[in-house]
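Residue strings, one per chain:
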Amino acid sequence: MNRLRLIGPAAVVAAVALGCSSVSSGSSQTGSAPSLAPVHGPYHPRIDPADFVRRVDNRWFPLKPGTGFHYRGVAEDGTTPQRDDMIVTHRTKTILGVRCTVVRDTVSSRGRTIERTFDWYAQDRYGNVWYMGEDSRERVHGRFVTGDDSWQAGVNGAQPGIIMPGRPRRGDAYRQEYYPGHAMDQARVLGKGGPVTVPYRSFKMTLATVETAPRLDPGVRERKYYVAGVGDVLERTVHGNRERIELVRVTR
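Rules used throughout
Within every chain, residues take consecutive numbers counted from 1 along the sequence as written. Where local features are concerned, this predicted model is filtered to residues with pLDDT of at least 70; where side-chain atom pairs are given and counted, the filter is 80 or more; whole-chain, interface and lining totals use all residues. Only heavy atoms go into the side-chain values, all of them from the structure, while hydrogens and water stay out. Any carboxyl oxygen of Asp or Glu within 4 Å of a side-chain nitrogen of Lys or Arg constitutes a salt bridge here. Here's how the labels work: a residue is buried when its accessible area is under 20% of the maximum for its type, exposed when over 50%, partly exposed in between, all with a 1.4 Å probe on protein chains only. Working definition: helices are DSSP H or I runs of at least four residues, strands are E runs of at least two. Numbering for both runs from the N terminus. Identification of polar contacts relies on pairs of N or O atoms within 3.5 Å, with a donor-acceptor requirement for protein atoms, meaning one able to donate a hydrogen and the other able to accept it, and with residues adjacent in sequence counted only if both atoms are side-chain atoms. In this analysis, rings of Phe, Tyr and Trp, with Trp reduced to its six-membered ring, are considered paired at centre separations within 6.5 Å, and the interplanar angle assigns stacked below 30 degrees, edge-to-face beyond 60, and tilted for intermediate values. As a reminder, the over-ring test applies to NZ of lysine and CZ of arginine, requiring each to be within 6 Å of the ring centre and within 35 degrees of the ring normal. We call two strands paired when DSSP finds no fewer than two bridges between them.

> Explain the pattern of salt bridges residue by residue, including any values.
In the structure shown here, the tally under the stated rule is nine salt bridges. Linking Arg 46 and Asp 51 is a salt bridge whose minimum nitrogen-to-oxygen distance equals 3.6 Å. What makes Asp 51 buried here is its relative accessible area of 18%. Residues participating in the shared-partner salt-bridge network are Arg 46, Asp 48, Asp 51 and Arg 125.

This is the structure in structure tokens:
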């Protein structure tokens, strides 16, 4: 499953000030994630570079270059310790004519790096944050090799998806990535996630989503919790395995 790993020391005030309309009932309005990245039917999202902005400042998924997000948890077996360190770099990569922010993610266990990934994100004028691909390297027999789930929008039939809607609404369902046979995550907005406490901080209000990959991992469901002005604070698998990670530190 695709892992989201973002945060900033920002605004508990922004989280408390959340209006109910931010997580209201779904709709088919123009620019909505379900209309731009539908989970049913043929999938050929229209990407026009003129529709994209330079910064990723979605309130639920802000990406400020130079920020580091550090997570701790356990792997799929529920016992093996896992560390996830994500850095929003100052680098950019152009994909399908769109200028994307490059995020470096390093996963390690017991002091040993087991995965290195570069993820590429871009935001459209509606506030939707698009996932444009990833270059993932996994440790195999002491060497890092390209992961089977690596992909880039526009290459070998891979298509971009939406990681976070500009205006998430309860019931919204959308594709996050589309590379048949390799990467096919999709998500649905559950609505208000309630209070959440992680080592980094306690939050009174969150947004909850659930991620699945019906064609590749039909038995796995992963729930994620976001805070406005902050980002992803907690991820836990609710069906299929026992993986869990939570935010412990933010650096700048």
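> Can you explain the side chain of Thr 117? Please cite residues and give values.
Following the sequence through the fold, Thr 117 ends up in strand β4 (residues 112–123). What makes Thr 117 buried here is its relative accessible area of 1%. Within polar-contact distance, the side chain of Thr 117 engages the side chain of Ser 136 at 3.4 Å.

> Lay out the packing of aromatic side chains with the relevant residues and their values.
The final tally for this structure, using the stated rule, is five aromatic pairs. Here Tyr 131 and Trp 151 contribute two aromatic rings whose centre-to-centre distance is 5.3 Å and whose plane-to-plane angle is 90°, an arrangement assigned as edge-to-face. Here Tyr 131, found in strand β5 (residues 129–140), pairs with Trp 151, found in strand β7 (residues 151–152); they are 20 residues apart in sequence, far enough to count as distant. Note on Trp 151: relative accessible area 4%, which makes it buried. Members of the aromatic cluster, each reached through a chain of ring pairs, are Phe 61, Tyr 121, Tyr 131 and Trp 151. Seen from the ring of Trp 120, Lys 93 lies directly overhead, with NZ or CZ sitting 5.1 Å from the centre. Seen from the ring of Phe 144, Arg 116 lies directly overhead, with NZ or CZ sitting 4.3 Å from the centre.

> Talk me through the pairing of strand β8 (residues 159–164); I want residue IDs and the actual numbers.
In terms of burial, β8 is largely enclosed, as six of its six residues are buried. Sheet topology places β5 next to β8; three bridges connect them, and they run antiparallel. If you follow Tyr 131 over to β8, its bridge partner there is Gly 161.

> Which residues make up unusual backbone geometry, and what values do they have?
Look at Leu 96: it is not a glycine, yet its phi comes out positive at around 55°. Inspection of the secondary structure puts Leu 96 in the loop between β2 (81–95) and β3 (98–109). For Leu 96, a relative accessible area of 38% puts it in the partly exposed group. Its identity as a non-glycine residue notwithstanding, Arg 110 has a phi of 55°, on the positive side. With respect to the secondary-structure elements, Arg 110 resides in the loop between β3 and β4. The class for Arg 110 is exposed, based on a relative accessible area of 67%.

That is the geometry; function is a separate question.
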